[in-house]
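# Survey of secondary and tertiary structure
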Amino acid sequence: MTTKYTKDHEWIRVEGEVGTVGITPHAAEQLGDVVFVELPDVGASLKKGDEAAVVESVKAASEVYAPVSGEVVEVNSAIADNPGTVNEAADGAGWFIKLKLSDAGELDGLMDDGAYKEFAANEG
Amino acid sequence: MNTLNKQGRPSRPAVAQAENEGQFETFSGSKALQQTELLLFDRGDNERTGVDLPETPDIADDLGDFARKDAIGLPGLTEPEAMRHYVRLSQKNYAIDLGVYPLGSCTMKHNPRLNEKMARLPGFGDLHPLQPESTVQGALALMDQLSHWLTTLTGMPAVALSPKAGAHGELCGMLAIRAKLDADGQTKRRRVLVPDSAHGTNPATAVQCGFTVDEIPSDDTGRVDLEALKGKLGDDVAGIMLTNPNTCGLFERDIRTIADLIHEAGGYFYCDGANFNAIVGRVRPGDLGVDAMHINLHKTFSTPHGGGGPGAGPTVFSDALAPYAPVPYVVKDGDKWKLVERNEDAEGAPFGRMSAFHGQMGMFVRALSYMMSHGADGLKQASEDAVLNANYLLALLDGPMTRAFDGYCMHEALFNDNFLKDTGVETLDFAKAMIDEGYHPMTMYFPLVVHGALLIEPTESESKTSLDRFADTLLALAEAAKAGETERFKQAPVHAPLRRLDETRAARQPVLRWKPAEAEAQAAQ
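Just so it is clear, the model here is predicted, and its values are computed rather than measured.

Take the layout of surface pockets next. Rolled over the atoms, a probe with the dimensions of a water molecule shows which regions are left empty. All names here are of chain B. For the second largest pocket, the calculated volume is near 1200 Å³. Looking at the second largest pocket, it is lined by 37 residues, and the ones nearest its centre are Lys92, Ile435, Ala496, Pro497 and Leu498. Elements that contribute at least two residues to the lining of the second largest pocket include exactly α3 (79–92), α13 (427–436) and β12 (443–444). By residue class, the composition of the lining of the second largest pocket is 18 nonpolar, eleven polar and eight charged.

On the surface, a nonpolar cluster with roughly 410 Å² of combined accessible area is contributed by Leu39, Phe41, Ile72 and Leu74 of chain B. Assignment of secondary structure puts Leu74 of chain B in the loop between α2 (40–43) and α3.

As a further point, take the environment of Asp81 of chain A. All names here are of chain A. Turning to its location among the elements, Asp81 is positioned in helix α2 (residues 77–81). Of the residues examined, Asp81 reaches a relative accessible area of 68% and is grouped as exposed. Each C-alpha atom, one on Asp81 and one on Val37, is 8.5 Å from the other, the two residues being 44 residues apart in sequence.

Our next topic: the interface of chain A and chain B. Opposite the eleven residues of chain A that make contact, chain B presents eight residues. Regarding the contact of chain A and chain B, the summed buried area is about 740 Å², with carbon and sulfur atoms giving 53% of it. Broken down residue by residue, the surface that chain A buries against chain B is led by Val35, Val58 and Lys59 of chain A, which jointly contribute 54%. Run the count over chain A and chain B and you get zero salt bridges. The tally of links from chain A across to chain B stands at four residue pairs in polar contact (both at pLDDT 80 or more). For the side of chain A that touches chain B, the secondary structure elements donating two or more residues are β4 (34–38) and α3 (84–88) of chain A. Looking at the side of chain A that touches chain B residue by residue, the class counts come to five nonpolar, four polar and two charged.

It is worth spelling out the pattern of salt bridges at this point. Residues and elements named next belong to chain B. Enumeration over the complete set of coordinates arrives at 32 salt bridges over all chains. The partner of Asp97 in a salt bridge is Arg113, with the nearest N and O atoms 2.4 Å apart. A residue pair is termed long-range when its members are at least 10 positions apart, and Asp97 in the loop between α3 and α4 (113–119) and Arg113 in helix α4 qualify at 16 residues. Relative accessible area serves as the criterion here: at 46%, Arg113 is assigned to the partly exposed category.

Right, let's get into the sheet that holds strand β11 (residues 413–416) of chain B. Residues and elements named next belong to chain B. With respect to topology, four strands assemble into an open sheet ordered β10-β11-β13-β12, the strand pairing being antiparallel. Strands with a single pairing partner mark the edges of an open sheet, and in this sheet they are β10 (402–403) and β12. The pairing of β10 with β11 spans two bridges and is classified as antiparallel. Note that in β11 the partner of Arg403 across the bridge is Phe415.

This part covers the nonpolar core. All names here are of chain B. Within the largest apolar cluster, 57 residues are counted, with the highest numbers of intra-cluster contacts made by Leu146, Leu150, Leu229, Ile240, Leu297 and Phe301. At the level of elements, α6 (137–154), α9 (226–232), β4 (237–243), α10 (255–264), β5 (268–272), β9 (336–340) and α12 (361–397) are the ones that each hand at least two residues to this core. Looking at this core element by element, the count peaks at eleven residues for α12. Built from parts of two domains, this core gets at least three residues from each of domain 1 (115–371) and domain 2 (382–506). Leave out the neighbours within four places in its chain, and Leu229 touches Leu193, Ile216, Val224, Ile240, Ile258 and Leu261. Tyr94, Ile96, Leu474 and Ala492 belong to the second-largest nonpolar core, a separate cluster that totals 34 residues.

What follows covers the domain arrangement of chain B. Residue and element names in this part refer to chain B. What the domain assignment reports for chain B is domain 1 (115–371) and domain 2 (382–506). Counting residues at the interface gives 22 residues for domain 1 and 17 residues for domain 2. For the pairing of domain 1 and domain 2, the buried interface totals around 1400 Å² over both sides, and the portion due to carbon and sulfur atoms is 59%. Applying the counting criterion to the domain 1 and domain 2 interface returns one salt bridge. Between Arg282 and Glu384 there is a salt bridge, and its shortest N-O distance comes to 2.8 Å. Our count for the domain 1 to domain 2 interface comes out at seven residue pairs in polar contact (both at pLDDT 80 or more). Its residues assigned to classes, the side of domain 1 that touches domain 2 comprises nine nonpolar, ten polar and three charged.

Okay, the state of the cysteines next. Residues and elements named next belong to chain B. Inspection of the entire model under this criterion finds zero disulfides over all chains. Free of any disulfide, Cys106 has its nearest neighbouring cysteine sulfur in Cys248, separated by 15 Å. Cys248 supplies the cysteine sulfur nearest to Cys409, a cysteine that is in no disulfide, at a spacing of 11 Å.

Conventions and cut-offs
- Residues numbered from 1 in each chain as written.
- Chains lettered and ligands numbered in written order.
- Predicted model: local features only at pLDDT ≥ 70, side-chain atom pairs only at ≥ 80, totals over all residues.
- Heavy atoms only, no water.
- 1 Å grid on protein atoms, 1.4 Å probe; cavity = no way out; pocket = protein on both sides within 12 Å on 5 of 7 lines; lining within 4 Å.
- Points joined across faces, edges and corners; volume = space filled by probe spheres on them.
- Helix = DSSP H or I, 4+ residues; strand = E, 2+ residues; numbered from the N terminus.
- Nonpolar A, V, L, I, M, F, W, Y, C, P; charged D, E, K, R; others polar.
- Patch = residues over 30% accessible without salt bridge, like charges linked within 9 Å, V, L, I, M, F, W, Y side chains within 5 Å.
- Areas by Shrake-Rupley, 256 points an atom, 1.4 Å probe, with all protein chains shown as cover.
- Salt bridge = Lys/Arg side-chain N within 4 Å of Asp/Glu carboxyl O.
- Buried < 20%, exposed > 50% of the residue type's maximum accessible area, 1.4 Å probe, protein only.
- Contact = heavy atoms within 4.5 Å.
- Buried area = accessible area lost by both parts, 1.4 Å probe.
- Polar contact = N/O pair within 3.5 Å; in protein donor to acceptor, adjacent residues only side chain to side chain.
- Pairing = 2+ DSSP bridges.
- Core = buried A, V, L, I, M, F, W, Y, C linked by side-chain atoms within 4.5 Å.
- Domains from an automatic or database assignment.
- Disulfide = S-S within 2.5 Å.

Quick look at the structure:
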């Protein structure tokens, strides 16, 4: 099981051929209190970098992008009902979608834990 | 201890005084002239009424079982009660008539009373949109004259007056681009380039028109990254939506190059005219290569907005797009004015219409009144003074506050939250503390490209004295934040009618309608 990170502050945790996607605690903190989440339809086919979900906070609205290509096999409807979960547990219960990866090779282009921490620290 | 002057009155309020406040809560909840106000529904009842209606005559109705069985539940109030309710609410409201309103990107400039007087002339104020043309010749002449000055000031040949606000004007412009593309068989062109500093309405408009949005990053100077733009051009590009000056308050110096690049790539240039007030009389967007642009009459030409009145977003078009401009529009036929209402009567190929009638007539009168009373030289000076005022504030505040970008700004000054670093105070807290100081906060957390953004637009309305006083307050607040007076900010606002509202809960669990107390109690059970 590996967790990888994007420059847009998404994380993806891969188990077998399915990856769970969320936003990082750093991103959740920068957004402030999340008040609305829009999730994709199960079955949607996403290419790496496609808009996967929309997240709105008291400060801003932004998109969550697919870190890699794949098919949406599950969405976390709990965060649509209770958006606060994204702030409370961004890297756990606040996950957004599960993707069935179509090209596991795409994971290689993402950052590992150490690289992301450095990236986030430099971004301020 | 308060410092006392010769009259024995405190010459400046001591902070300790604020801390003691609340020890003597009033019995009524009011604080002298600041009266508490209930909702009308909580204040009224079914026993009282402010109107005296004749007894209903005994008539048979055909409603049968559909007839209402209970009272409708509207609150009954006497006429003075109803009047006081609204007067009290108005006294809690902050307005440009009350103080500095530095809301960036909103251009809360003074609304001259002359405009109001003109708009209330019975010949304008009492019009009905369905009146015969022969009875509204003066109004049509005014619309024609307004069109003339809008096209003159922008250097563009055509204008649609009917859009009702900025975003409506954007929609109008982008629908014209879409109509032109479709007419030319360019149906593959569906991608619209939008800078990351854009107003949120830009991408929303593009999507509404059936386009996809492709974001262009800003460079280190807060302007469009030209190389990134070049990389995004292609035969599927419908156009670009660019604000100039942009939302960072900066002039896009490469605008001519950007226009040329877009045109060479086969796309069109939509300019978001929200910040036109910074360049009126100095720059004509038509000379910059713009194909369509909306003009916020409620910003640039001083018509009231933000609860004071409706917006108006006339949209101007280049030669290429003019034939697709929507109906209706005014033409002069001999010595009479007439409205072209139907596509088939128009010279070009209008894409349709933006609204049932002809636009915000009251705003047309106010905007033309503003233009005529200022004259060409006055309009130019208003733009220059708006830019001067913003740069004056930028110069006064830079240092204790941290500017987002180097160089001169245009009509608004943008700061980031670096000056609050390690103070425990955030942009939001800083803005709330301004409420206690009697100022409407600036725009915060926008544009999104700047961390903890504070965007200040003073407009040309403020005198130097007024700007100095405003700057002194901000500098004192910045100093207090750095001195560790965190509580002053975290508690703010202390002196407002209501303390800090729970914005998060309001967004997560919005209460959208009032329910009687009993009904709510029942629902809870």
